[in-house]
Amino acid sequence: MRTPDIVHSREDLIAAGWPREAEVEPRTVDIHIGHIRRALNRYGPNIIRTVRSVGYSLDEVAKPIQT
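Anyway, here's the lowdown on the structure attached to this text.

Each value, and the rule that gives it
Per chain, residues are indexed from 1 in the order of the written sequence. Where totals are concerned, whole chains, interfaces and linings use all residues; where local detail is concerned, this predicted model gives features only for residues with pLDDT of at least 70, and gives and counts side-chain atom pairs only at 80 or more. To obtain the side-chain values, all non-hydrogen atoms of the structure were included, while hydrogens and water were left out. In short, DSSP must find at least two bridges between two strands for them to pair. The helix and strand labels rest on DSSP assignments: H or I over at least four residues marks a helix, E over at least two residues marks a strand, and numbering proceeds from the N terminus. The criterion used for residue contact is that any of the two residues' heavy atoms lie within 4.5 Å. The axes are straight lines fitted to the C-alpha atoms, using for helices just the contacting stretch, and the angles between their N-to-C directions are given from 0 to 180°. Here's how the labels work: a residue is buried when its accessible area is under 20% of the maximum for its type, exposed when over 50%, partly exposed in between, all with a 1.4 Å probe on protein chains only.

1. Topic: the sheet that holds strand β3 (residues 55-58)
Here three strands make up an open sheet; going across it, the order is β1-β3-β2 and the pairing antiparallel. The open sheet is flanked by β1 (8-9) and β2 (48-51), the only strands paired with a single partner. Against the sheet, helix α2 (residues 26-41) touches β2 and β3, its axis set at about 150° to β2.

Listed below in structure tokens is the structure:
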């Protein structure tokens with residue numbers, strides 16, 4: 001969220017999201033991104049951009065939902 005225009009590799013996301021001693025496959029990141037996308041899509045546009053064979057970034061900064 002701090003750097004929406006930077007593409008983060010699956011390895012970067014694993015290092016940031018799991019303990020060092022955990023054995024996490026890159027495909028696990030894809031599955032979690034899918035869950036996050038579905039949850040976010042209930043409230044607005046898809047802001048997660050997939051960069052094929054590289055990783056993920058954000059398309060835009062999320063704006064608060066007005067009630």
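There's plenty left to go through after this.
2. A few points about the side chain of D30
Relative to the elements of secondary structure, D30 occurs in helix α2. Given a relative accessible area of 18%, D30 falls into the buried group. Beyond its immediate chain neighbours, meaning those up to four positions away, D30 contacts R10 and Y56.

3. Focus: unusual backbone geometry
For S53, which is not a glycine, the phi torsion comes out positive at approximately 65°. In this fold, S53 is placed in the loop between β2 and β3.

4. Topic: the environment of G34
Following the sequence through the fold, G34 ends up in helix α2. Along the chain, G34 and I48 lie 14 residues apart, while their C-alpha atoms are 9.6 Å from each other.

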